[in-house]
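Summary of the model geometry
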Amino acid sequence: MIMRLLFILSIFFSINSFAQKPPQPYGALPSKRQLAWHDIEIYGLIHFTPTTFENKEWGFGDADPKSFNPTDFNADQIIKAAKAGGLKGIILVAKHHDGFALWPTKTTDYNISKSPFRNGKGDLVKEIEQTARKNGLKFGVYCSPWDRNNPKYGTSEYLATYQAQLKELYSNYCELFMSWHDGANGGDGYYGGAREVRSIDNTTYYDWDNTWAITRKMQPMANIFSDIGLDIRWVGNENGNAAETSWETFTPLPPEGKNVAVPGQANYPQSPEGIRNGKFWMPAECDVPLRNGWFYHPTEKPKTPEMLFDLYLKSVGRGAGLDLGLAPDTRGQLHEDDVASLKAFGDLVKHTFANNLAQDAHIVPTNTRGKNYNIVTLLDNNKDSYWATMDQVHEASLEVDLKSAKTFDIISLQEYIPLGQRIEAYNVEIFEKNKWKKIYDGTSIGAKRLIKLDTPVTTSKIRINITKSPVCITLSEFGIHKKTE
Ligand code: FUL
């Protein structure tokens, strides 16, 4: 009798503990550095070099270093404005295509020490870095591989210079969250006075495998951005939006007629959407300037807070990141219009998402993996806890009882991405006039999905139906919100 009881108990406990094992991961998974990047969501990209003083977008590389002479540089003003906009990181263009280094580099004379800035004793990379950190923002660098000033550009000697520049930037500015590499690859330039066109073979010239090995070794938490990764891919446009369906995974493929996929030669048509079941976790960064250009031009105006909010929904709200270009003027500060726009945008995001109208809801799922994966975790404001279904359950519905009628126009969903991107299709229904009415049909969720309804709806019950997943489902957060006016 006792033996039988023990046998039954052991079966009961083994079933229960089996049921509560975490789901197996699915597909390509994010690394620790990528997970940290997903948390940042919005960050800024500062362009401020002699090109600002020339009122151009691409400096030729021939501007006199003395022209870099901001009348009232104020890192605090720039960083505080970024912070008010909700930005959680800053990438500084430490060297743009014009080749002017904003730090006192040993690699070229074309640098800040030859300018009047701080009487030739300045280091603008340090000033921005330290101010960013003081204000709680992460810091990263952009060092252009193309260099229109350097006489060695186009020869085999230049790579050592570029790699030495990266090493300086990786050594002197603490932990970086990003190393940003644009895909501009040669063309006309000053090149030490030669003033000619220099083309390079971008499949080999920058030796990316070895160049990025330096990044990995010296800055293991720096996400390498380029048009094809390694960690973060370019979204394929500079408008600031990912595609409606947006996968976190990607497989860089060589363009037609080529046999290697390298930065500057990606399969761009697939970049906005990503590739379902791609070989790598390589989420999209949506880079877009706050104004029209990346550099400051007095005739331009910043985007309005409404436009920025829309971009936020179409980038962060599609599992991507938003990288907003900030352009200090010739004083070395952000224009007051930019400051105002950033602040209003930051407030709009903050106030809209401060209040989850589903906070007190009662959610009933059609399946749950066990008590460690309880549905209440969807409302705990902690993306590290999650609800999951049993292994064999690949479809599920969540009925959300809001307890009273709520008016909202944004629905927020998050998958538990450390276990991969799993969900492929879902829809949302609301209970209206005694029946369920479908209001949205979706595909990808990933790190975050913000569904914006054209007009607000009022209801006391919502149903989320997950209709397609190759494996059991995970969700970490759910929210409904009303965009503030
Ligand atoms: C591009 C560059 O060519 C632009 O000048 C700018 O820096 C943008 C962010 O990246 O590749």
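To keep things clear, this report deals only with the structure shown in the data block.

Reading the values: the criteria
Residues numbered from 1 in each chain as written. Predicted model: local features only at pLDDT ≥ 70, side-chain atom pairs only at ≥ 80, totals over all residues. Heavy atoms only, no water. 1 Å grid on protein atoms, 1.4 Å probe; cavity = no way out; pocket = protein on both sides within 12 Å on 5 of 7 lines; lining within 4 Å. Points joined across faces, edges and corners; volume = space filled by probe spheres on them. Helix = DSSP H or I, 4+ residues; strand = E, 2+ residues; numbered from the N terminus. Nonpolar A, V, L, I, M, F, W, Y, C, P; charged D, E, K, R; others polar. Near = heavy atom within 4 Å. Areas by Shrake-Rupley, 256 points an atom, 1.4 Å probe, with all protein chains shown as cover. Buried < 20%, exposed > 50% of the residue type's maximum accessible area, 1.4 Å probe, protein only. Pairing = 2+ DSSP bridges. Right-handed = clockwise from strand over helix to strand, strands pointing away. Arc of directions from axis to C-beta. Contact = heavy atoms within 4.5 Å. Disulfide = S-S within 2.5 Å. Axes fitted to C-alpha atoms, helices over the stretch in contact; angles between N-to-C directions. Parallel < 35°, antiparallel > 145°, perpendicular 65-115°, else oblique. Left-handed = near helix turned anticlockwise from the far one by under 90°.

With that settled, consider the layout of surface pockets. Of the voids in this model, the largest pocket is the one considered here, and its volume is about 970 Å³. For the lining of the largest pocket, the secondary-structure elements that each account for two or more residues are α2 (32-40), α4 (75-84), α9 (336-354), β15 (396-414) and β20 (477-481). Among the elements that line the lining of the largest pocket, the one with the most residues is α9, at five residues. Its residues assigned to classes, the lining of the largest pocket shows 17 nonpolar, 16 polar and 10 charged.

With respect to spatial proximity, the complete set of residues near the ligand consists of L45, H47, W58, H96, H97, Y142, W180, D182, E238 and W294. Starting from 290 Å² of accessible surface for the ligand in isolation, the protein chains cover 89%. Here the residues of the shell around the ligand sort into five nonpolar, three polar and two charged.

Most of strand β12 (residues 321-326) sits inside the fold, with six of its six residues counted as buried. A two-sided burial pattern is seen for β12, the buried positions comprising G321, D323 and G325 on one face and L322, L324 and L326 on the other. With five bridges joining them, strand β11 (residues 284-289) and β12 adopt parallel strand pairing. If you follow V288 over to β12, its bridge partner there is L324. Between the parallel pair β11 and β12, the chain is carried across by helix α8 (residues 305-315), and the sense of this crossover is right-handed.

For the rest of this paragraph, the subject is the environment of F353. Its place among the elements puts F353 in helix α9. Separated by 59 residues in sequence, F353 and S412 place their C-alpha atoms 9.4 Å apart.

Turning to helix α7 (residues 208-218), a few remarks are in order. Three or more residues of α7 are buried, namely W208, T211, W212, I214 and T215. Down the axis, α7 shows its buried residues gathered within 135 degrees of arc, on one side only. Exposed residues lying more than 90 degrees from the buried face of α7 are D209 and K217. Among the structural elements, α6 (158-172), β4 (178-180) and β7 (223-226) are those in contact with the buried residues of α7.

Under the criterion given, the structure shown has zero disulfides. C143 carries a free sulfur, and the closest cysteine sulfur to it, the one in C174, is 18 Å from it. Looking at C143, the relative accessible area reads 1%, which means it is buried.

Okay, the packing of α6 against α7 next. It is at 10 Å that the axes of α6 and α7 come closest, and there the two elements cross at 15 degrees. On the basis of the axis angle, α6 is roughly parallel to α7. The chirality of how α6 crosses α7 is right-handed. Of the residues in α7, those in contact with L159, Y162, Q163, L166, K167, Y170 and S171 of α6 are W208, N210, T211, I214, T215 and M218.

The subject of this paragraph is the side chain of T377. Residue placement: T377 occurs in the loop between β13 (362-365) and β14 (387-388). When residues no more than four places from it in sequence are discounted, the contact partners of T377 are N382, S385, Y386, W387, S476 and E477.

Contact geometry of α4 with α9 gives a least axis separation of 7 Å together with a crossing angle of 30 degrees. Classified by the angle their axes make, α4 and α9 are roughly parallel. Between α4 and α9, the contacting residues are Q77, A81, A82 and A84 on the first element and V339, L342, K343, G346 and D347 on the second. The residue inventory of the contact of α4 with α9, partitioned by class, reads five nonpolar, two polar and two charged.

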